[in-house]
Amino acid sequence: MRLQLGYVPLCDAAPLIVAHELGFARTEGLELDLTAEPSWATLRDRLALGHLDGAHMLAPLALASRLGLSGPPSELIVPMQLSVNGNAITLARSLWDAMAPECEEPAEIARAFAHVAEERRAAGRPLTLGTVHPFSCHSYQLRLFAEAGGLDPAAFRTVVVPPQYTVETLARGLVDGFCAGAPWNDVAAAAGHGRIAVLGSALAPDAPEKVLAVSERLDGTILPLVRAVARAGRWCADPQNRGELINRLARRPYLDLDPTIIARTFADGSADSPVAGAGPTFGAAIQEARPADAGWLLAQMQAARQIADRTALEDAIQTIYRPDLYRAATAEL
């Protein structure tokens, strides 16, 4: 059976890419047509309207789509998680120089950012930071970063920028920084446009990042798809496969980048990146779609004032997050 799956060009789309590239899907009798989508909003709409059968998707956006909080009505479900971690906040070099933090500790960096942000707001020139979508852990991590420095998040503006355009937007001075997933923070740092200030995993360790979202209408095809993607995700998690994974992600159909840039994403730190925190994480330990993670996401939505009361939505989690499907698909792996 042939399936149309969407993704946004990011390192954590790796399980879908590997499922296709290395034949894990074909072993399950599936042919995957992968399409790179220009934005999360486009991916959300194409999945909701039936143009895609499934997608690599922001975990909060999957919930928001099914709950009717974002985009057209959707019947998607989440049978498995693809990744945790992988985000970072990157700031313009000029902003970093103005901050001049005394050390590399995230709390000190947050306080230095808060000081400059308050100065800029008082001068009538508030900072502008990019986020990939309002319903994203990126938006929530920007808020957590502000709060870590004692700053009201209302002190700066946020604008939506698709991840693959964050570097250009920063280079043109349209934003003072951004929060995005790998590899775009490392691309900005390597080009000299920005300084990675803090990794998202230092603000919210192991926060649910991307999920496999699929249409309920797939029915019997869901289990073989989950099995293929789960096997691919476990392959991605094996350090022995790291070199091949980097080279496959770097290819033109996917990220179309120098492999050495992508390699930085999976390194333990560099001159332009703080050591504290983790990059994108794959594998069996994180793959089950846990309702507790969905509950955490609802709490973040409430803190961001995207919903009024999360308790009214908690029952719906059971119809969206489907660990039973993941367990059934992977029982013999």
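Here, the structure is the one placed above.
Residues numbered from 1 in each chain as written. Predicted model: local features only at pLDDT ≥ 70, side-chain atom pairs only at ≥ 80, totals over all residues. Heavy atoms only, no water.

Colleague: Please give an account of the nonpolar core that cites residues and values.
Modeller: Residues Met57, Met99, Phe113 and Tyr321 are the most contacted members of the largest nonpolar core, which totals 67 residues. Residue contributions to this core peak at seven residues, all from helix 6 (residues 106-122). Look past the residues within four positions of Tyr321 in its chain and what remains in contact with it is Ala59, Leu63, Val78, Val211, Ala289, Arg290, Pro291, Ala294 and Leu297. Judged by nonpolar contacts, the second largest core, of 43 residues, contains Tyr7, Ala13, Leu249 and Phe282. (Core = buried A, V, L, I, M, F, W, Y, C linked by side-chain atoms within 4.5 Å. Buried < 20%, exposed > 50% of the residue type's maximum accessible area, 1.4 Å probe, protein only. Helix = DSSP H or I, 4+ residues; strand = E, 2+ residues; numbered from the N terminus. Contact = heavy atoms within 4.5 Å.)

Colleague: Give a description of the packing of aromatic side chains that names residues and reports values.
Modeller: The final tally for this structure, using the stated rule, is three aromatic pairs. Centroid distance Tyr7 to Tyr254: 6.3 Å. Interplanar angle 55°. Geometry classified as tilted. Note that Tyr7 is positioned in strand 1 (residues 2-7) and Tyr254 in the loop between helix 12 (242-249) and helix 13 (259-265), a separation of 247 residues in sequence. For the pair Tyr7 and Tyr254, a shared accessibility class is recorded, and that class is buried. On the basis of an interplanar angle of 70° and a centroid distance of 5.9 Å, the ring pair of Phe113 and Phe156 is categorised as edge-to-face. Within this pair, whereas Phe113 is found in helix 6, its partner Phe156 is found in the loop between helix 7 (137-148) and strand 7 (157-160), the two being separated by 43 residues in sequence. Residue class for Phe113 comes out buried when judged on its relative accessible area of 1%. Phe156 gets classed as buried once you look at its relative accessible area, which sits at 8%. Every member of this aromatic cluster is reached through a ring pair, and the members are Phe113, Phe145 and Phe156. The positively charged end of Arg195 is found above the aromatic ring belonging to Trp96, 4.3 Å away from the centroid. (Phe/Tyr/Trp six-rings, centres within 6.5 Å; stacked < 30°, edge-to-face > 60°. Lys NZ or Arg CZ within 6 Å of the ring centre and 35° of its normal.)

Colleague: Just give me the short version of the packing of helix 11 (residues 222-237) against helix 12, but keep the residues and values in it.
Modeller: Remark: helix 11 packs on helix 12, axes separated minimally by 8 Å, with the N-to-C direction vectors making an angle of 115°. One way to sum up the angle between helix 11 and helix 12 is to call them roughly perpendicular. Here Trp235, Cys236 and Ala237 of helix 11 lie close against helix 12, whose contacting residues are Arg242, Glu244 and Leu245. (Axes fitted to C-alpha atoms, helices over the stretch in contact; angles between N-to-C directions. Parallel < 35°, antiparallel > 145°, perpendicular 65-115°, else oblique.)

Colleague: A description of the pairing of strand 4 (residues 76-84) should follow, citing residues and the corresponding values.
Modeller: In terms of residue burial, strand 4 counts as a mostly covered element, since nine of its nine residues are buried. Where strand 4 and strand 10 (residues 208-215) come together, six bridges link them in antiparallel fashion. Residue pairing across strands places Val84 opposite Pro208, the latter belonging to strand 10. (Pairing = 2+ DSSP bridges.)

Colleague: Summarise the side chain of Ser139; cite the residues concerned and give the values.
Modeller: Turning to its location among the elements, Ser139 is positioned in helix 7. Residue class for Ser139 comes out buried when judged on its relative accessible area of 18%. Among the polar contacts made by the side chain of Ser139, one reaches the main-chain carbonyl oxygen of Pro134 at a distance of 3.4 Å. Leaving out residues up to four positions away in the same chain, Ser139 has contacts with Thr131, His133 and Pro134. (Polar contact = N/O pair within 3.5 Å; in protein donor to acceptor, adjacent residues only side chain to side chain.)

Colleague: Tell me about the pattern of salt bridges, and please be specific about residues and values.
Modeller: According to the stated counting rule, one finds 23 salt bridges in the structure shown. A salt bridge links Glu118 to Arg121; the nearest nitrogen and oxygen atoms lie 3.0 Å apart. Here Glu118 and its partner Arg121 are both found in helix 6, three residues apart, which amounts to about one turn of the helix. Assessed through its relative accessible area of 36%, Arg121 is described here as partly exposed. With a closest N to O distance of 2.9 Å, Glu209 and Lys210 form a salt bridge. On the accessibility criterion, Glu209 (2% relative accessible area) is buried. One connected set of salt bridges, linked through shared partners, spans Glu21, Glu244, Arg248 and Arg251. (Salt bridge = Lys/Arg side-chain N within 4 Å of Asp/Glu carboxyl O.)

Colleague: How would you sum up the sheet that holds strand 10? Please name residues and give values.
Modeller: Backbone-to-backbone hydrogen bonds join strands into a sheet, with any given pair of strands oriented parallel or antiparallel. Spatial strand order, 2-1-3-10-4: five strands in an open sheet with mixed pairing. Of all strands in the sheet, those with a lone pairing partner are strand 2 (31-36) and strand 4, marking the two edges. Adjacent strand axes in the sheet meet at a mean angle of 25°, parallel and antiparallel pairs treated alike. On top of the sheet, helix 11 reaches strand 1, strand 2, strand 4 and strand 10; it is set at about 5° to strand 4, its chief contact.

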